[in-house]
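# Observations on the model geometry
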Amino acid sequence: PLLCHKTMRWSSLFSLISLALASNETFPYDDENYFAESSEGPRIVKHSHFAQKFRLGFKLLLICEAEGTPRPTIVWYKNGAEIAPYRNVHIREGHLSSSTLRSALDIDPTTLADKAVYGCLASNSKGFHLKSMRCEYSF
């Protein structure tokens, strides 16, 4: 894993993550979006595929499952901005074990505005891991 210097501030890391998501760049599948102070840092172990297609007016479901000690939290981002639940946007979470959390982002129904790069950020006191998914609509 890629390790960062311990003196780097969390606020700086989250700023970098926001910039990376907002840039709409393609993220490779290696772990360049990973930071941990130890092996107990969070790891995203299951997630939706990078490229997603959705039909306008239908449901879009993205998943993210992470493990670590302590159990990580998961925050969803859309084009670099944190997503808050809304009337057609729902975030569900389930604790699978003392060290594993599963989160699902449901958008139903989808609109043109839902075309974006979504990010799943798992974090705990030991570090963070970010995975992204590019979602595009079809007719």
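Let me begin by describing the structure that accompanies this report. None of these values were measured; they are calculated from a predicted model. By convention here, each chain's residues receive numbers from 1 onward along its written sequence. Side-chain atom pairs in this predicted model are given and counted only at pLDDT of 80 or more, local residue features only at pLDDT of at least 70, and totals for whole chains, interfaces and linings cover all residues. Only hydrogens and water are set aside; all other atoms, that is, all heavy atoms of the structure, feed into the side-chain values.

## Topic: the overall build of the protein
Helix and strand content of the protein: one helix and ten strands. Labels follow the DSSP assignment, with helices taken as runs of H or I lasting at least four residues and strands as runs of E lasting at least two, numbered in each case from the N terminus. Walking the protein from its N terminus toward its C terminus, one meets helices and strands in the order α-β-β-β-β-β-β-β-β-β-β. Residues counted as buried form 40% of the 139 residues belonging to the protein. Residue pairs in contact within the protein that sit at least 24 positions apart in sequence constitute 67% of those at least 6 positions apart. Areas reported here follow the Shrake-Rupley algorithm with a probe of radius 1.4 Å; residue values treat only the protein chains shown as occluding. Of the roughly 7,700 Å² of accessible surface on the protein, 54% is carried by carbon and sulfur atoms. Relative accessibility thresholds used throughout: buried, under 20% of the residue-type maximum; exposed, over 50%; partly exposed, between the two (1.4 Å probe, protein chains only). For this analysis, residues touch if any pair of their heavy atoms sits within 4.5 Å.

## Description of the state of the cysteines
To count as a disulfide, a pair of cysteine sulfur atoms needs to be within 2.5 Å. Enumeration according to the criterion identifies one disulfide in this entry. Disulfide pairing is shown between Cys64 and Cys120; the S-S distance is 1.7 Å. In this structure, the disulfide formed by Cys64 and Cys120 twists by about -75° around the S-S bond and is classed as left-handed. Of this pair, Cys64 sits in strand β4 (residues 60-67) while Cys120 sits in strand β9 (residues 116-124); the two residues are 56 residues apart in sequence, bridging distant segments of the chain. This pair shows no difference in class: Cys64 is buried, exactly as Cys120 is.

## Things to note about the environment of Thr100
Note on placement: Thr100 falls in strand β8 (residues 100-107). The spatial distance from the C-alpha of Thr100 to the C-alpha of Ile44 is 9.5 Å, given a sequence separation of 56 residues. Excluding anything up to four places from it in sequence, Thr100 contacts Glu65, Ala66, Glu67, Arg71, Gly94 and His95.

## Structural notes on the pattern of salt bridges
The working definition used for a salt bridge is a side-chain nitrogen of Lys or Arg within 4 Å of a carboxyl oxygen of Asp or Glu. The tally for this structure, following the rule as stated, stands at six salt bridges. Measuring nitrogen to oxygen at the nearest pair gives 3.8 Å for the salt bridge that ties Lys78 to Asp114. In this pair, Lys78 is assigned in strand β5 (residues 73-78) and Asp114 in the loop between β8 and β9, connecting sequence segments 36 residues apart. Looking at Asp114, the relative accessible area reads 6%, which means it is buried. Between Asp106 and Arg92 there is a salt bridge; the shortest N-O distance is 2.8 Å. Linking Asp106 in strand β8 with Arg92 in strand β7 (residues 89-95), this pair joins segments that are 14 residues apart in sequence. Beyond isolated ion pairs, a larger network of salt bridges with shared partners links Lys59, Arg92 and Asp106.

## Quick word on the side chain of Thr110
Secondary-structure assignment places Thr110 in the loop between β8 and β9. Given the relative accessible area of 4%, Thr110 is considered buried. Within the local environment of Thr110, its side chain forms a polar contact with the backbone oxygen of Phe58, the two atoms lying 3.0 Å apart. With residues near it in sequence (within four places) discarded, Thr110 still touches Phe54, Arg55, Leu56, Gly57, Phe58, Lys59 and Leu60. Polar contacts here mean pairs of N or O atoms no more than 3.5 Å apart (in protein, one a potential hydrogen donor and the other a potential acceptor; neighbouring residues in sequence count only if both atoms are side-chain atoms).

## Concerning the nonpolar core
Membership of the largest hydrophobic core comes to 19 residues, with the highest contact counts inside it found for Leu60, Leu62, Ile74, Trp76, Leu105, Tyr118 and Cys120. Where this core is concerned, the elements lending two or more residues are β4, β5, β8, β9 and β10 (127-138). The contact partners of Cys120, leaving out residues within four places of it in the chain, are Ile44, Cys64, Ile74, Val75, Trp76, His129, Leu130, Lys131 and Met133. In this structure, Tyr77, Leu121, Phe128 and Leu130 belong to the second largest nonpolar core, which totals five residues. Within this scheme, the nonpolar core is defined by two criteria: the residues are buried Ala, Val, Leu, Ile, Met, Phe, Trp, Tyr or Cys, and they are joined through side-chain atoms within 4.5 Å.

Scope: geometric values only; no functional claims are made or implied.
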